[in-house]
Amino acid sequence: MEEQRKNSYDPNEDIVDRMWKRSKNSINLVIVVCNILVFLAVTLTRGTESSRYMMDCGAAYAPLIESGEYYRLFTSMFLHFGIQHLINNMLLLLFLGDYLERAVGKIRYLVIYLGGGLVGNLCSYLHELSLMKTGEAPAVSAGASGAIFSAVGAMLVLLAFRKGRLEDLTFRRMAVMAVLSLLVGFQSSNVDNFAHIGGFLAGAVLMAVLYPGMARIRKRGKRP
């Protein structure tokens, strides 16, 4: 009962206060902290601006993945090129992830975040392979944006199932944010748009698959 009160929505409560109140039980906050700690560790050793060193730390690089280092599809989700890259991703994840985790529960949130991130990185890897066939040099890539876009796609589908509203979020607001984020990516250099699109679509599909089970649980009067 106490845990249910902690996760209940109060329209007059500040979102930061809400996250702080349930911080000990937040998987999303653990993910954010892990990203920050990895960034600090890389920064204090040799730095996050070196593509060569980021590759050594586990960033995605198509030739190495093709040779069997598939773990890079996972480890690259926790690496960031520079402080601005980290801040941009973590601020969005901090707020959006909190909404999604409270709505779907810890396990489903992990499935969406990690599963969508892996699919996004896989799409990026396949795109890099196609570019390599044309003679273009492969890029070193890293970042949590594929996983974050998975959360965006999942939230849009969840809002559609919830008749366009979840707490103070609306489908229209999320759709505008998603479109603008994708457009900014296409207009910016050094942005892995294939990871964004792959993660977004994976998150949407995962939510569509997971939601019927959530709906049955709610009908039985249990928490998701």
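Residues numbered from 1 in each chain as written. Predicted model: local features only at pLDDT ≥ 70, side-chain atom pairs only at ≥ 80, totals over all residues. Heavy atoms only, no water.

**Re the side chain of Thr 170**
Here is step 1 of the chain: Take Thr 170: it is sitting in strand β4 (residues 169-170).
Here is step 2 of the chain: Side-chain polar atoms of Thr 170 contact the backbone nitrogen of Arg 173, separated by 3.2 Å.
Here is step 3 of the chain: The contact partners of Thr 170, leaving out residues within four places of it in the chain, are Leu 159, Gly 164 and Arg 165. (Helix = DSSP H or I, 4+ residues; strand = E, 2+ residues; numbered from the N terminus. Polar contact = N/O pair within 3.5 Å; in protein donor to acceptor, adjacent residues only side chain to side chain. Contact = heavy atoms within 4.5 Å.)

**A look at a nonpolar patch on the surface**
Here is step 1 of the chain: There is a patch of nonpolar side chains on the surface, built from Val 33, Ile 36, Leu 37, Leu 40 and Leu 44 and spanning about 470 Å² of accessible area.
Here is step 2 of the chain: Considering the arrangement of structural elements, one finds Leu 37 in helix α3 (residues 27-45). (Patch = residues over 30% accessible without salt bridge, like charges linked within 9 Å, V, L, I, M, F, W, Y side chains within 5 Å. Areas by Shrake-Rupley, 256 points an atom, 1.4 Å probe, with all protein chains shown as cover. Salt bridge = Lys/Arg side-chain N within 4 Å of Asp/Glu carboxyl O.)

**Digging into the side chain of Ser 150**
Here is step 1 of the chain: Structurally, the position occupied by Ser 150 is in helix α9 (residues 145-161).
Here is step 2 of the chain: If we skip the residues at most four places from it in the chain, Ser 150 touches Ile 112, Gly 116, Gly 117, Gly 199, Phe 200, Ala 202 and Gly 203.

**Quick notes on the layout of surface pockets**
Here is step 1 of the chain: By volume, the largest pocket is sized at about 920 Å³.
Here is step 2 of the chain: As for the largest pocket, its lining consists of 37 residues, and the residues nearest its centre are His 85, Asn 190, Val 191, Asp 192 and His 196.
Here is step 3 of the chain: Put simply, the parts of the chain that give the lining of the largest pocket at least two residues each are α7 (83-104), α8 (106-133), β2 (140-141), α9, α10 (171-187) and α11 (193-219).
Here is step 4 of the chain: Taken together, the residues of the lining of the largest pocket break down into 15 nonpolar, 19 polar and 3 charged. (1 Å grid on protein atoms, 1.4 Å probe; cavity = no way out; pocket = protein on both sides within 12 Å on 5 of 7 lines; lining within 4 Å. Points joined across faces, edges and corners; volume = space filled by probe spheres on them. Nonpolar A, V, L, I, M, F, W, Y, C, P; charged D, E, K, R; others polar.)

**Comments concerning empty space enclosed by the protein**
Here is step 1 of the chain: Per the counting criterion, the structure on display carries 1 cavity of 30 Å³ or more.
Here is step 2 of the chain: Each pocket or cavity is described by its volume, and for the largest cavity that value is around 60 Å³.
Here is step 3 of the chain: Lining of the largest cavity is provided by Ala 60, Tyr 61, Ala 62, Ile 65, Asn 121, Ser 124, Tyr 125, Glu 128, Ala 139, Ser 141 and Asp 192.
Here is step 4 of the chain: For the lining of the largest cavity, the secondary-structure elements that each account for two or more residues are β1 (60-61), α5 (62-66) and α8.
Here is step 5 of the chain: Looking at which element gives the most residues to the lining of the largest cavity, the answer is α8, with 4 residues.
Here is step 6 of the chain: In the lining of the largest cavity, the residues fall into 6 nonpolar, 3 polar and 2 charged.

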